[in-house]
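# Examining the three-dimensional arrangement
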Amino acid sequence: MAGRYRSDLKWSDVTPKSAFLNRRQLMAGAGALGLGAIGGPAFAKLNAAPSPYSTDAEPNTFDEITHYNNYYEFGTGKEDPARYADALTVDPWTVKVDGLVDKPGDYSFDDIMKGTSLEERIYRFRCVEAWSMVVPWVGFELADLLNRVGVQSSAKYIAFETAVRPDEMPGISRGYLDWPYREGLRMDEAMHPLTIIATGLYDEPMPKQNGAPLRLIVPWKYGFKSIKSIVRISAVEQQPPTSWNMANAREYGFYSNVNPEVDHPRWSQATERRVGGGFFAKRIETQMFNGYGDEVAALYDGMDLKANY
Amino acid sequence: MTAAQRINTTLRRLPTWPIYVVLGLVPFWWLYLGFTGGLGVEPIRELEHRLGELGLQVLIASLLVTPLRRFTGVTLIRFRRALGLMVFYLISLHLLVWAVLDVQIPSQMWADIVKRPYITIGMVGFLLLIPLALTSNTFSIRRMGPKAWQRLHRLVYLSVILGAVHWVMVVKGWQREPLVYLGIVMAVLALRLPAPKRFQLASRGA
């Protein structure tokens, strides 16, 4: 598709949802007539409310966001998740909430969604590999969920785990990491209003390769902190083990805040390349805390960010 | 005539120029794909990766020429110079894409070369290829004499190991593909080790 990388498209150029839903219906009809089985499900609009936390930067396209993913459970190639994640069963979905909470238990996706109001959060997303995107996530603040299950005062951290489904995830049997994928946040980070559980993007339910049905988004940290397809949330007293830190503690710290002054041992973090610029995409300067310093810098007052990378 | 001799006779009739044409054009095909969306949403990284990978593959192929002759009698030696020069061409482009499209900032480039081991290793691997490319012509072989020429060209063994290690180091974690390539490189180099006595006798008789 020529011109896919041009960024001079305007919102007025976007095909209206109603128009392409109609097209999908036509295709589904064609499929029913035996002319081709292309028709997909017509997603319901999530009707997420806008948020003052959104950036006004232009979001990456849906195609870019769904075809350049690190989700090693489906393979290490950037397009592997788009290729293989279709096999993931996301309905039914259960999240085990345990540890130091008042209401532990197995919560279904619907239980979790009950009473939440969805917001659109257009966030910058900076990968530790020095590429970045702008993504219109849809979700709710993690703090809402944590308050509902009643985090006890002795809990100091929140730990997360991704699903492990060897039959659905071809990367599991190949090793790469010590499954399940694990992540964690300090309590104040978890309770921060920028930290969300995302259940969709572009006002549609989360595509599987992006971590359906629900994933974490912590926009001031490197992307690998934003754990996908969560099946377990635990409130704990001690700093929990996290996957990339377990794999290589010298390269990936627990905090992993975006920081242009602290290089990855193997590459510089001073600049990043915004995905979607084609062959001539210019490198842009990486911002401290990925540009969310006004909101989150105070969380790290007095901390040596070089030692606590 | 043995089967190997028959194959060699056929091979002798084949021209070597298609290697230059085909491998020479592949990067331009990829460039075209990149401009039309065929390299995915991050074409710089993809092009860089493909050039490096193909360079390594052709380098491994050129290193298979000698073991193939040794173990089967089939000789592809006529094609080896073309393969070697194409390795140099592909790795030069790999480096060019890294410098011009990927890193973009000259001071950053130098900082990476001295500071990042995987780039240092890749760069040394490339530098080792330069004298080999410069002497990949009949004039140089004549002038240097075959012994000295052969000694110089043993640098390729080091270069290919550095190339494979460079790939293992550039990726996050221990990924399968670069490790498989490193294994293949070591195996291909092992095929050149002196054979046990028994085997030497057998091959002399062939």
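A few points on the structure. Only a predicted model underlies this, so the values are computations on that prediction, with no experimental measurement involved. (Residues numbered from 1 in each chain as written. Chains lettered and ligands numbered in written order. Predicted model: local features only at pLDDT ≥ 70, side-chain atom pairs only at ≥ 80, totals over all residues. Heavy atoms only, no water.)

We now examine helix 1 (residues 3–13) of chain B. Residue and element names in this part refer to chain B. Turning to helix 1, its buried residues are Ala 4, Asn 8 and Leu 11. Buried residues in helix 1, looked at end-on, bunch into an arc of 60°, giving them a common side. For helix 1, the secondary structure elements touched by its buried residues are helix 4 (65–72) and helix 5 (77–103). (Buried < 20%, exposed > 50% of the residue type's maximum accessible area, 1.4 Å probe, protein only. Helix = DSSP H or I, 4+ residues; strand = E, 2+ residues; numbered from the N terminus. Arc of directions from axis to C-beta. Contact = heavy atoms within 4.5 Å.)

A few words on the packing of aromatic side chains. Residue and element names in this part refer to chain A. As enumerated under the stated definition, the model contains 19 aromatic pairs over all chains in all. Ring geometry for Phe 254 against Tyr 255: centres 5.3 Å apart, planes inclined by 90°, an arrangement best described as edge-to-face. The exposure class of Phe 254 is buried, given its relative accessible area of 5%. Look at Tyr 255 and you get buried, because its relative accessible area is 8%. Between Tyr 255 and Tyr 300, the aromatic rings sit 6.1 Å apart at their centres with planes inclined by 90°, giving edge-to-face as the arrangement. (Phe/Tyr/Trp six-rings, centres within 6.5 Å; stacked < 30°, edge-to-face > 60°.)

Residues and elements named next belong to chain A. Of the pairings in the sheet, the one linking strand 1 (residues 94–99) to strand 10 (residues 230–236) comprises 4 bridges and is parallel in character. Note on strand 10: the bridge partner recorded for Lys 96 is Arg 232. Sheet topology note: the strand 5 (residues 157–162)/strand 10 ladder contains 6 bridges and is antiparallel. In the sheet register, Glu 161 faces strand 10, and the bridge partner there is Arg 232. (Pairing = 2+ DSSP bridges.)

Taken residue by residue, the interface counts 31 residues in chain B and 35 residues in chain A. Buried surface at the junction of chain B and chain A, both sides included, amounts to about 2800 Å², of which 53% is carbon and sulfur. The largest share of the area that chain B buries against chain A comes from Val41(B), Glu42(B) and Lys172(B), three residues that together contribute 28% of it. In this structure, the salt-bridge partner of Asp102(B) is Arg273(A), at a minimum N-O distance of 2.9 Å. Run the count over chain B and chain A and you get 13 residue pairs in polar contact (both at pLDDT 80 or more). Its residues assigned to classes, the side of chain B that touches chain A comprises 16 nonpolar, 8 polar and 7 charged. (Buried area = accessible area lost by both parts, 1.4 Å probe. Salt bridge = Lys/Arg side-chain N within 4 Å of Asp/Glu carboxyl O. Polar contact = N/O pair within 3.5 Å; in protein donor to acceptor, adjacent residues only side chain to side chain. Nonpolar A, V, L, I, M, F, W, Y, C, P; charged D, E, K, R; others polar.)

With that settled, consider a nonpolar patch on the surface. Residues Phe280(A), Trp17(B), Tyr20(B), Val21(B), Val22(B), Leu25(B), Phe28(B), Leu31(B) and Phe35(B) make up a contiguous nonpolar surface patch of about 930 Å² in total accessible area. Tracing the sequence through the fold places Phe35(B) in helix 2 (residues 17–35). (Patch = residues over 30% accessible without salt bridge, like charges linked within 9 Å, V, L, I, M, F, W, Y side chains within 5 Å. Areas by Shrake-Rupley, 256 points an atom, 1.4 Å probe, with all protein chains shown as cover.)

Just distances and angles here, no functional claims.
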